[in-house]
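Structure assessment
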Amino acid sequence: MSRAASWVVSWMFLGVIALVITALFFSQDPGVGGTVARKGGGSVPVAVPVAWNKASVVSAQPPASYVAPKMKLSEGHWQGMDAMDLSVELKTKLRLPMTLEGVLLGETTLAAARSGLLAGDVLVAVERMPVGTLEALHQASRQVAHRSEVQLTAWRKGRWMHFVMRAPDGVLGFAQMETAPMIRASDLRPHAYRGACTECHAIGTTGHITPDPDSILLPAPVIRAGAVRPHQDRGPCQACHAIRP
């Protein structure tokens, strides 16, 4: 064998040995083996990387939902009234006096409606207890929860008005509070900036039914030929229904 061929064989043999040593070195457990020289003498142990494999990889999944320990209240419900904080933003949109303090009634039903309260009224007092926030409404309602009727004061189009709300079952109970609805992670903000999202919203997908049951359309039922139409004219019946003789 020529000298050149001997050098080639020798280098190939050394290369194979280097590959074997490298493979053994990188297949050790984390934190085992491996040192690096330190300036001034001695050595420092180092962790040895582990070869990746699908069995050892654990995906980091976000929590099912994130609910901050303390969140701002968004709605209050009491005897048919649907109340919300009267923010500066709402005062501006509804052209209400900036000095007005109370909770805005977005909807009234049941006892609240029977008392004469209307959607758009600003509730300012419960038995002369000011209710400038939802928290204040909650506390005031607890003070009269055992009673059967209560006097309410509201502001309506520049007038101060008084109402008596009576509980149909003899007990008023107290207002129930909610925060803003849960939103999904990475949702686009649907409104102007109002602070960190988690101050008002829980984050996740477990706080509401998806899809909304009200938006689920059931298939049109089979109907008999000549049957009386159960709804207003919406076009030829066969467009939606199978017709049975």
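None of these values were measured; they are calculated from a predicted model.

**Observations regarding the overall build of the protein**
Looking only at helices and strands, one finds four helices and 14 strands in the protein. Residue burial in the protein is summarised as follows: out of 245 residues, 25% are buried. Considering only contacts in the protein between residues 6 or more positions apart, those separated by 24 or more positions represent 49%. Accessible surface for the protein amounts to roughly 17800 Å². Of this, 61% is attributable to carbon and sulfur atoms.

**A look at the nonpolar core**
Trp-78, Met-81, Leu-123, Val-126, Leu-137, Leu-152 and Met-165 are the most contacted members of the largest nonpolar core, which has 24 residues in total. Elements with a contribution of two residues or more to this core: β5 (81-85), β6 (103-108), α3 (110-114), β7 (122-126), α4 (134-143), β9 (149-156) and β10 (159-166). Excluding residues that lie within four positions of it along the chain, Met-165 makes contacts with Trp-78, Gln-79, Met-81, Ala-111, Ala-112, Ser-115, Ser-148, Glu-149, Val-150, Leu-152 and Leu-172. Core analysis: the next-biggest nonpolar cluster, separate from the first, contains nine residues, Leu-90, Leu-104, Val-124 and Ala-125 among them.

**Some details on unusual backbone geometry**
If you check the backbone angles, Glu-127 has positive phi at about 50° while not being a glycine. Take Glu-127: it is sitting in the loop between β7 and β8 (129-130). Here Glu-127 falls in the partly exposed class, since its relative accessible area comes to 26%. With a phi angle near 50°, Lys-157 is a residue other than glycine that sits in the positive phi range. With respect to the element layout, Lys-157 can be found in the loop between β9 and β10.

**Quick notes on the pairing of strand β4 (residues 75-78)**
Side chains of β4 alternate between two faces, with Gly-76 and Trp-78 buried and Glu-75 and His-77 left unburied. In the sheet, β4 pairs with strand β11 (residues 176-178) via three bridges, with the strands oriented antiparallel. By the bridge assignment for β11, His-77 is matched with Gln-176. Looking at chain direction, β4 and β5 are connected through three bridges and run antiparallel. Bridged to Gly-76 within β5 is Ala-83.

**Section: the packing of aromatic side chains**
Here the distance between the centres and the angle between the planes together describe a pair of aromatic rings. Within this structure, the stated rule accounts for zero aromatic pairs. Between Arg-142 and the ring centre of Phe-174, over which it is positioned, the NZ or CZ distance is 4.7 Å.

**So, the environment of His-162**
In this structure, His-162 sits in strand β10. On the basis of relative accessible area, His-162 is assigned to the exposed category, the value being 55%. For the pair His-162 and Leu-123, spaced 39 residues apart in the sequence, the C-alpha separation amounts to 9.8 Å. Setting aside residues no more than four positions away along its own chain, His-162 makes contact with Gln-151, Leu-152 and Thr-153. Within the local environment of His-162, its side chain forms a polar contact with the side chain of Thr-153, the two groups lying 3.2 Å apart.

**Remarks on the pattern of salt bridges**
Here the structure, examined in full by the defined rule, presents eight salt bridges. For Glu-101, the salt bridge is made with Lys-91, and the minimal N-O distance between the two is 3.8 Å. Taken as a pair, Glu-101 in the loop between α2 (88-94) and β6 and Lys-91 in helix α2 lie far apart in primary sequence, 10 residues in all. Each member of the salt-bridge network shares a partner with another, and the members are Glu-89, Lys-93 and Arg-194.

**With respect to α4**
Working note: α-helix, 3.6 residues per turn, so residues spaced by three or four point in the same direction. Residues Leu-134, Leu-137, His-138, Ala-140 and Ser-141 constitute the buried set of α4. In this structure, the buried side of α4 is in contact with β4, β5, β6, β7, β8 and β11.

**Here we look at the state of the cysteines**
Applying the stated rule across the entire model yields zero disulfides. Of the cysteine sulfurs around Cys-200, a residue in no disulfide, the closest is that of Cys-197, at 8.6 Å. Distance from the sulfur of Cys-237, which forms no disulfide, to the nearest cysteine sulfur (Cys-240) is 8.6 Å.

**Concerning the confidence of the model for the protein**
Of all residues in the protein, 74% have pLDDT values of 70 or greater, and the mean over the chain is 83. pLDDT under 50 marks residues 26-33. Its contacts with residues more than four places away, or in other chains, come to 17 contacts.

**Quick word on the side chain of Thr-153**
Turning to its location among the elements, Thr-153 is positioned in strand β9. With sequence-adjacent residues up to four places away left out, Thr-153 is seen in contact with Val-122, Leu-123, Val-124, Ala-125, Met-161 and His-162.

Here is what the cut-offs are and how they apply
Residues numbered from 1 in each chain as written. Predicted model: local features only at pLDDT ≥ 70, side-chain atom pairs only at ≥ 80, totals over all residues. Heavy atoms only, no water. Helix = DSSP H or I, 4+ residues; strand = E, 2+ residues; numbered from the N terminus. Buried < 20%, exposed > 50% of the residue type's maximum accessible area, 1.4 Å probe, protein only. Contact = heavy atoms within 4.5 Å. Areas by Shrake-Rupley, 256 points an atom, 1.4 Å probe, with all protein chains shown as cover. Core = buried A, V, L, I, M, F, W, Y, C linked by side-chain atoms within 4.5 Å. Pairing = 2+ DSSP bridges. Phe/Tyr/Trp six-rings, centres within 6.5 Å; stacked < 30°, edge-to-face > 60°. Lys NZ or Arg CZ within 6 Å of the ring centre and 35° of its normal. Polar contact = N/O pair within 3.5 Å; in protein donor to acceptor, adjacent residues only side chain to side chain. Salt bridge = Lys/Arg side-chain N within 4 Å of Asp/Glu carboxyl O. Disulfide = S-S within 2.5 Å. pLDDT = per-residue confidence, 0-100.

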